[in-house]
Amino acid sequence: MSSTRSPYLRFGLIFAAVAFILDQVVKWIITVPLSLQAKGQIEITSFFNLTWAENCGISMSMFASCTDTTRWTLVAVTVVVAGAVAFWMTREPAKGDVIALAMILGGALGNIADRARLGFVVDYADLHIGDFRPFMIFNVSDACITLGVLLLVARALLFGEKAPAADGQPSAD
């Protein structure tokens, strides 16, 4: 990482804001116009349902406990992680990595907003093949976080270290 400000920071912050807003708008549609909480489930296709789920834990419902202590501990930990991701984004010279970090940041902020406001994260996307569910029920924020992490890992595995640019600074691929 470079010690100078990322040339893609503004772009990354806008991308993170779009991810956050998209997540919150979809959750509003799920909870208010569709009233999914009252219905429990809406079948969309033979392999995709909207299914109401209140996630008091983190990924895959780990550390699930709907107490105020757990709620605010998870909010605090997630805020610290989001802060670290935002800081990394300010220094990241590679546009692709800024996009990945922005997805993670926007997703984290969406889930933080839910947990702080509601005490749980609203999950609803239920992909399945018959009774087989390859994923837990998730939301837009979860998808953004997962895709962002996968992009960072793929870039690291496929491309390794960034080659230095001619001026001695890391390249901004």
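Let me begin by describing the structure that accompanies this report. (Residues numbered from 1 in each chain as written. Predicted model: local features only at pLDDT ≥ 70, side-chain atom pairs only at ≥ 80, totals over all residues. Heavy atoms only, no water.)

### So, the sheet that holds strand β1 (residues 41-43)
Read from one edge of the open sheet, 3 strands run β1-β2-β3, paired in antiparallel fashion. The sheet is open, and its two edges are formed by β1 and β3 (121-127), each paired on a single side. The mean angle between the axes of side-by-side strands here comes to 20°, regardless of whether they run parallel or antiparallel. Most of the contacts of helix α4 (residues 95-118) go to β3, to which it runs at about 125°, and overall it touches β2 (48-55) and β3. (Pairing = 2+ DSSP bridges. Helix = DSSP H or I, 4+ residues; strand = E, 2+ residues; numbered from the N terminus. Axes fitted to C-alpha atoms, helices over the stretch in contact; angles between N-to-C directions. Contact = heavy atoms within 4.5 Å.)

### A short note on the side chain of Glu92
Within the secondary structure layout, Glu92 lies in the loop between α3 (68-91) and α4. Of note is the side chain of Glu92, whose polar atom sits 3.1 Å from the backbone nitrogen of Ala94. (Polar contact = N/O pair within 3.5 Å; in protein donor to acceptor, adjacent residues only side chain to side chain.)

### Considerations on a nonpolar patch on the surface
On the surface, Ile21, Val25, Trp28, Ile29 and Val32 cluster together into a nonpolar patch covering about 450 Å² of accessible area. For Ile21, a relative accessible area of 49% puts it in the partly exposed group. (Patch = residues over 30% accessible without salt bridge, like charges linked within 9 Å, V, L, I, M, F, W, Y side chains within 5 Å. Areas by Shrake-Rupley, 256 points an atom, 1.4 Å probe, with all protein chains shown as cover. Salt bridge = Lys/Arg side-chain N within 4 Å of Asp/Glu carboxyl O. Buried < 20%, exposed > 50% of the residue type's maximum accessible area, 1.4 Å probe, protein only.)

### With respect to the packing of α3 against α4
The relative placement of two packed helices is expressed as an angle between their axes plus a distance between the axes. Direction vectors running N to C along α3 and α4 enclose 160°, while the axes themselves pass 9 Å from each other. Classified by the angle between their axes, α3 and α4 sit roughly antiparallel to one another. Here the hand of the crossing between α3 and α4 comes out left-handed. Between α3 and α4, the contacting residues are Arg71, Trp72, Leu74, Val75, Thr78, Val79, Ala82, Val85, Ala86, Trp88 and Met89 on the first element and Val98, Leu101, Ala102, Ile104, Leu105, Ala108, Ile112, Arg115, Ala116, Arg117 and Leu118 on the second. In terms of residue class, the contact of α3 with α4 is made up of 18 nonpolar, 1 polar and 3 charged. (Parallel < 35°, antiparallel > 145°, perpendicular 65-115°, else oblique. Left-handed = near helix turned anticlockwise from the far one by under 90°. Nonpolar A, V, L, I, M, F, W, Y, C, P; charged D, E, K, R; others polar.)

Keep in mind that these numbers describe shape and distance, not what the molecule does.
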